[in-house]
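Here's the letter readout for the chains.
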Amino acid sequence: MQRIKGYHAHLYFDATTLDQARALAEEATRLFKLQMGRVHEKPVGPHPDWSCQLAFGPELIGVVLPWLALHRNGLVVFLHPETGDDLLDHTEHAIWMGAIRPLDLSVF
């Protein structure tokens, strides 16, 4: 089994949920030792929607994942490990909260 180096949780949002997503990301940053990425108001990389990334170490998965599940308030969250295999991490290893969105896998 490949070693998981960390996790990325991508919060998906649109113009109507931008403030909600920003508040969720900022609260997660306040509560946990994680890093908040840019708030992208356009699709970036494989992500089909506007998004913001939360990056954190493997030791936090047991608290961050359930916290996001309980506090996402309808936002779609795409969570995946960082194993070094981007394609597998974004497909077979991925965890979706809410609607599964089609990723642009051509970037891998």
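About the criteria used
- Residues numbered from 1 in each chain as written.
- Predicted model: local features only at pLDDT ≥ 70, side-chain atom pairs only at ≥ 80, totals over all residues.
- Heavy atoms only, no water.
- Helix = DSSP H or I, 4+ residues; strand = E, 2+ residues; numbered from the N terminus.
- Rg over C-alpha atoms; globule rule 2.2 N^0.38 Å.
- Buried < 20%, exposed > 50% of the residue type's maximum accessible area, 1.4 Å probe, protein only.
- Contact = heavy atoms within 4.5 Å.
- Areas by Shrake-Rupley, 256 points an atom, 1.4 Å probe, with all protein chains shown as cover.
- Axes fitted to C-alpha atoms, helices over the stretch in contact; angles between N-to-C directions.
- Left-handed = near helix turned anticlockwise from the far one by under 90°.
- Nonpolar A, V, L, I, M, F, W, Y, C, P; charged D, E, K, R; others polar.
- Expected span 1.5 Å × (residues − 1).
- Arc of directions from axis to C-beta.

The protein is annotated in an unreviewed UniProt entry as 4,5-dioxygenase of Pseudomonas lundensis.

Caption draft 1: Fine view of the overall build of the protein. Each helix and strand counted, the protein has three helices and five strands in total. Along the protein, helices (α) and strands (β) appear in the sequence β-α-β-β-α-β-α-β when read from the amino end. For 108 residues, the compact-globule estimate of 2.2 N^0.38 gives 13 Å, and the protein sits close to it at 13 Å. Its C-alpha atoms give the protein principal-axis dimensions of about 40 × 30 × 20 Å. The buried share of the protein, reckoned over its 108 residues, is 39%. Counting only contacts in the protein whose residues sit at least 6 apart along the sequence, the fraction spanning at least 24 positions is 63%. Element-wise, carbon and sulfur atoms account for 54% of the exposed surface of the protein, whose accessible area totals about 6,100 Å².

Caption draft 2: Layout of the packing of helix α1 (residues 18-31) against helix α2 (residues 61-71). One can describe the packing of α1 onto α2 by two numbers: an axis separation of 12 Å at closest approach and a directional angle of 145 degrees. Where α1 crosses over α2, the two elements pack in a sense that is right-handed. In this structure, α1 uses L24, E27, A28 and L31 to contact α2, whose residues at the interface are W67, L68 and H71. Among the residues making up the contact of α1 with α2, the classes are represented as five nonpolar, one polar and one charged.

Caption draft 3: Main features of the environment of A28. Relative to the elements of secondary structure, A28 occurs in helix α1. Classification of A28 by relative accessible area gives buried; the value is 1%. Spatially, the C-alpha atom of A28 lies 9.6 Å from that of H71, the residues being 43 residues apart in sequence. Discounting residues that sit within four places of it in the chain, A28 has contacts with L34, L54 and W67.

Caption draft 4: Structural view of α1. Between its terminal C-alpha atoms α1 stretches 20 Å, which fits the 20 Å expected from 14 residues at 1.5 Å a residue. Burial in α1 covers these residues: L18, A21, L24, A25 and A28. Projected down its long axis, α1 shows its buried positions confined to an angular sector of 135 degrees, all on one face. Seen from the buried face of α1, the exposed residues on the opposite side, beyond 90 degrees, are D19 and R30.

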